[in-house]
Amino acid sequence: MPKNSTQKATSPAVTPTATIRTMIVCVPGDLPRESLTAHQLDRNFGVQGTLSPRFWASPALHLWQRSQMFGLRKGRPAYCAGGPARLLDLTGMRHAAGVGAGIRHQLFSRAVHGTRNANPWHVYEARHLADPQQYPWDTAVADFTHQPRVNAIRMHNAATYGAGQIRLSELEMYQAGCMAYQHHSALTALAGDALITAEGAKLAPASDAMADRVTYLEQANRLLAAIDPDQRLLAVAL
């Protein structure tokens, strides 16, 4: 290289890893029930978490079928951590999640009325990770939270409790429109944030960006739609 050559140093692009709160596990058929207790999850699946009452049990569940379920609770719907797919009300879960998302999007639309679209958090996080010295964490947080739309959501959440809150982590999905947000919520209700197949393969979004989340949901829900009715599903909170 000639001595008078100069090369501009640029920070490599950094993609923050996806946030994984709930993982769905397709349990191999030969794995005994005793191997599915919370303290065995790490040993059998490499997952450090606890069983999560996420699924709905079928309303037609017979008394003798209750032993096939994991963490079954009382109620209508009856929540459980999993069981054979044929004994889970996956259709009802998906429908309810979509309806709830539509109501939340109406709240979102009212809360942010008059504000412009905001950049989601992962944009600022990626910039920070690419150059922590020039763009510190505190600066990234400030730039994100100082956006008028983000402040409108935070103000709504400060005055609201429970299910009426708007998750800032879903900002990009909300901004995609009501129908897109409903589809996202319905598909996520079944697929969670990551999935382990019965063969041990792991599916997960590449990042928290909506495009990566959509790619994951396409893959995971295609797989779940084709599983055997006797395939056992398990929800794990990480």
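For the structure, see preceding data.
Residues numbered from 1 in each chain as written. Predicted model: local features only at pLDDT ≥ 70, side-chain atom pairs only at ≥ 80, totals over all residues. Heavy atoms only, no water.

**A short note on the pattern of salt bridges**
One pass over the full model with this rule turns up 3 salt bridges. Here aspartate 193 ties to arginine 213 by a salt bridge, and the two come within 3.2 Å at their closest N and O atoms. Here arginine 213 lies in helix α8 (residues 210-225) and aspartate 193 lies in the loop between α7 (178-191) and β6 (194-196), a separation of 20 residues in the sequence. Grouping residues by exposure puts aspartate 193 and arginine 213 together as buried. Among the salt bridges present, the one from aspartate 208 reaches arginine 213, with a minimum N-O distance of 2.7 Å. Each member of the pair, aspartate 208 as well as arginine 213, carries the same accessibility label: buried. Residues joined in a network through salt bridges with shared partners are Asp193, Asp208 and Arg213. (Salt bridge = Lys/Arg side-chain N within 4 Å of Asp/Glu carboxyl O. Helix = DSSP H or I, 4+ residues; strand = E, 2+ residues; numbered from the N terminus. Buried < 20%, exposed > 50% of the residue type's maximum accessible area, 1.4 Å probe, protein only.)

**Considering unusual backbone geometry**
That bond from arginine 76 to proline 77 is cis: its omega, 0°, falls within 30 degrees of zero. The topology assignment puts proline 77 in the loop between β3 (55-56) and β4 (79-80).

**Details of the packing of helix α3 (residues 121-130) against helix α4 (residues 137-145)**
Two elements in contact, α3 and α4, have axes separated by 9 Å at closest approach and are oriented at 160°. With respect to α4, the axis of α3 lies roughly antiparallel. Crossing hand, α3 versus α4: right-handed. Note on element contacts: α4 touches α3 through Trp137, Ala140, Val141, Asp143 and Phe144, opposite Trp121, Tyr124, Glu125, Arg127 and His128. Of the residues contributing to the contact of α3 with α4, the split by class is 6 nonpolar, 1 polar and 3 charged. (Axes fitted to C-alpha atoms, helices over the stretch in contact; angles between N-to-C directions. Parallel < 35°, antiparallel > 145°, perpendicular 65-115°, else oblique. Left-handed = near helix turned anticlockwise from the far one by under 90°. Contact = heavy atoms within 4.5 Å. Nonpolar A, V, L, I, M, F, W, Y, C, P; charged D, E, K, R; others polar.)

**Looking at the packing of aromatic side chains**
Under the counting rule described, the total for this entry stands at 6 aromatic pairs. Look at phenylalanine 108 and tyrosine 174: their rings are 4.7 Å apart centre to centre, the planes differ by 25°, and that puts the pair in the stacked class. Of this pair, phenylalanine 108 sits in helix α2 (residues 90-111) while tyrosine 174 sits in helix α6 (residues 171-175), placing them 66 residues apart in sequence. For the pair phenylalanine 108 and tyrosine 174, a shared accessibility class is recorded, and that class is buried. The ring of tyrosine 135 carries the charged tip of arginine 127 above its face, separated from the ring centre by 3.8 Å. (Phe/Tyr/Trp six-rings, centres within 6.5 Å; stacked < 30°, edge-to-face > 60°. Lys NZ or Arg CZ within 6 Å of the ring centre and 35° of its normal.)

**Comments concerning the pairing of strand β1 (residues 22-27)**
Most of β1 sits out of view: 6 of its 6 residues are buried. Burial along β1 is two-sided: the face carrying Thr22, Ile24 and Cys26 and the face carrying Met23, Val25 and Val27 are both buried. Of the strand pairs in this sheet, β1 and strand β8 (residues 232-237) are connected by 6 bridges, and their pairing is antiparallel. Note on β8: the bridge partner recorded for cysteine 26 is leucine 233. Both β1 and β6 contribute to a ladder of 3 bridges, which runs parallel. By the bridge assignment, isoleucine 24 is partnered in β6 with leucine 195. (Pairing = 2+ DSSP bridges.)

**Quick look at the layout of surface pockets**
Empty space among the atoms becomes apparent when a probe as large as a water molecule is rolled across them. Counted as a void, the largest pocket has a volume near 760 Å³. Lining the largest pocket are 32 residues; nearest its centre among them are Arg21, Arg167, Ser169, Glu170 and His184. Mapped onto the lining of the largest pocket, the elements with two or more residues apiece are α2, α3, α6 and α7. Element by element, the count of residues in the lining of the largest pocket is highest for α7, at 5 residues. Each residue belonging to the lining of the largest pocket can be placed in one class, and the counts come to 12 nonpolar, 10 polar and 10 charged. By volume, the second largest pocket amounts to about 210 Å³. Around the second largest pocket, the lining comprises 14 residues; the ones closest to its centre are Ser58, Pro59, Gly75, Arg76 and Ala78. (1 Å grid on protein atoms, 1.4 Å probe; cavity = no way out; pocket = protein on both sides within 12 Å on 5 of 7 lines; lining within 4 Å. Points joined across faces, edges and corners; volume = space filled by probe spheres on them.)

It is worth stressing that arrangement in space is one thing and function is another; only the former is reported here.
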